[in-house]
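An overview of the molecular structure
Listed below are the residues making up each chain.
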Amino acid sequence: MIKNSTNNTNKRFHLQIIESTISKIVSNSFLIKGWPLTLLGGLIALYLANKSKTWSYDLLLICFCVCIFFWLNDAYYLNLERRFRKLHANVVSQSEREINFSMTPPCIKGGFRCALVQPIFLLSYVVILIIILLLLFLK
């Protein structure tokens, strides 16, 4: 019985490393999710306060670019998290002899494009982009 528990030491250690990486990815993603709301809110408030100025149009273009940037960033982190979860599942299914401590996550079906069109992103970023586009066209 003790022999079996020591045989899985490498596997457990590899799984802990992967879980630690997933945890870091999730916490970074969570921290970054607050930035677009703050940044876009500030830029739109600055635009509304200075609508009559010639440079206010540029603020809306900056808002548009910032929104696209954070949407891509969120999709990247979601895709990366999914890939590492797939790596975790692969390591769980491996035997102790197959453990090689590889940290290269496998590609997943759909990948980045699938992460980009998740309903939560469509409901948040697309709505913000539509509002910005309406403000751009009304100007």
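Everything below is about the structure printed above this text.
Along each chain, residues carry numbers from 1 onward, in the same order as the chain's sequence is written. Where totals are concerned, whole chains, interfaces and linings use all residues; where local detail is concerned, this predicted model gives features only for residues with pLDDT of at least 70, and gives and counts side-chain atom pairs only at 80 or more. Calculated side-chain values reflect all of the structure's heavy atoms, with hydrogen atoms and water omitted.

Let us now look at the packing of helix H2 (residues 9-49) against helix H3 (residues 56-93). A fitted line through C-alpha atoms represents every axis, and for helices the fit uses only the stretch in contact; the resulting angles, taken between N-to-C directions, go from 0 to 180 degrees. The way it works is that DSSP assigns letters per residue, a run of H or I at least four long becomes a helix, a run of E at least two long becomes a strand, and they are numbered from the N terminus. Across the interface, H2 lies against H3 with an axial gap of 9 Å and an inter-helix angle of 165 degrees. Looking at the two axes, H2 sits roughly antiparallel to H3. Where H2 crosses over H3, the handedness of that crossing is left-handed. In this classification, the charged set is Asp, Glu, Lys and Arg, the nonpolar set is Ala, Val, Leu, Ile, Met, Phe, Trp, Tyr, Cys and Pro, and all remaining amino acids, among them Gly, are polar. Here the residues of the contact of H2 with H3 are counted per class, giving 27 nonpolar, 7 polar and 6 charged. In these notes the angle categories are as follows: under 35 degrees is roughly parallel, over 145 is roughly antiparallel, 65 to 115 is roughly perpendicular, and the rest is oblique. Crossings are classed by handedness, with left-handed meaning an anticlockwise turn of the near helix from the far one by less than a right angle and right-handed meaning a clockwise turn.

Moving on: the pattern of salt bridges. Within this document, salt bridges are pairs made up of a side-chain nitrogen of Lys or Arg and a carboxyl oxygen of Asp or Glu, the two lying within 4 Å of each other. All chains considered together, the criterion is met by 2 salt bridges. Across the pair Lys33 and Asp74 runs a salt bridge, and its minimum N-O distance is 3.4 Å. Taken together, the positions of Lys33 in helix H2 and Asp74 in helix H3 put the pair 41 residues apart, joining distant regions of the chain. Here Lys33 falls in the partly exposed class, since its relative accessible area comes to 38%. Between Glu81 and Arg85 there is a salt bridge, with the nearest N and O atoms lying 2.9 Å from each other. Linking Glu81 with Arg85, this pair stays in helix H3, spanning 4 residues, or about one helical turn. With a relative accessible area of 18%, Glu81 lands in the buried category. Accessibility here uses a 1.4 Å probe with only protein chains present; expressed as a share of the type maximum, an area under 20% marks a residue as buried, one over 50% as exposed, and anything in between as partly exposed. By relative accessible area, which is 44% here, Arg85 ends up partly exposed.

Counting 28 residues, the largest nonpolar core has Ile18, Leu40, Cys67, Phe84, Val91, Tyr125 and Ile132 as the members making the most contacts within it. At the level of secondary structure, the elements contributing two or more residues to this core comprise H2, H3 and helix H5 (119-138). Element by element, the count of residues in this core is highest for H3, at 13 residues. Only buried residues count toward a nonpolar core, which is a set of Ala, Val, Leu, Ile, Met, Phe, Trp, Tyr and Cys residues joined through side-chain atoms within 4.5 Å.

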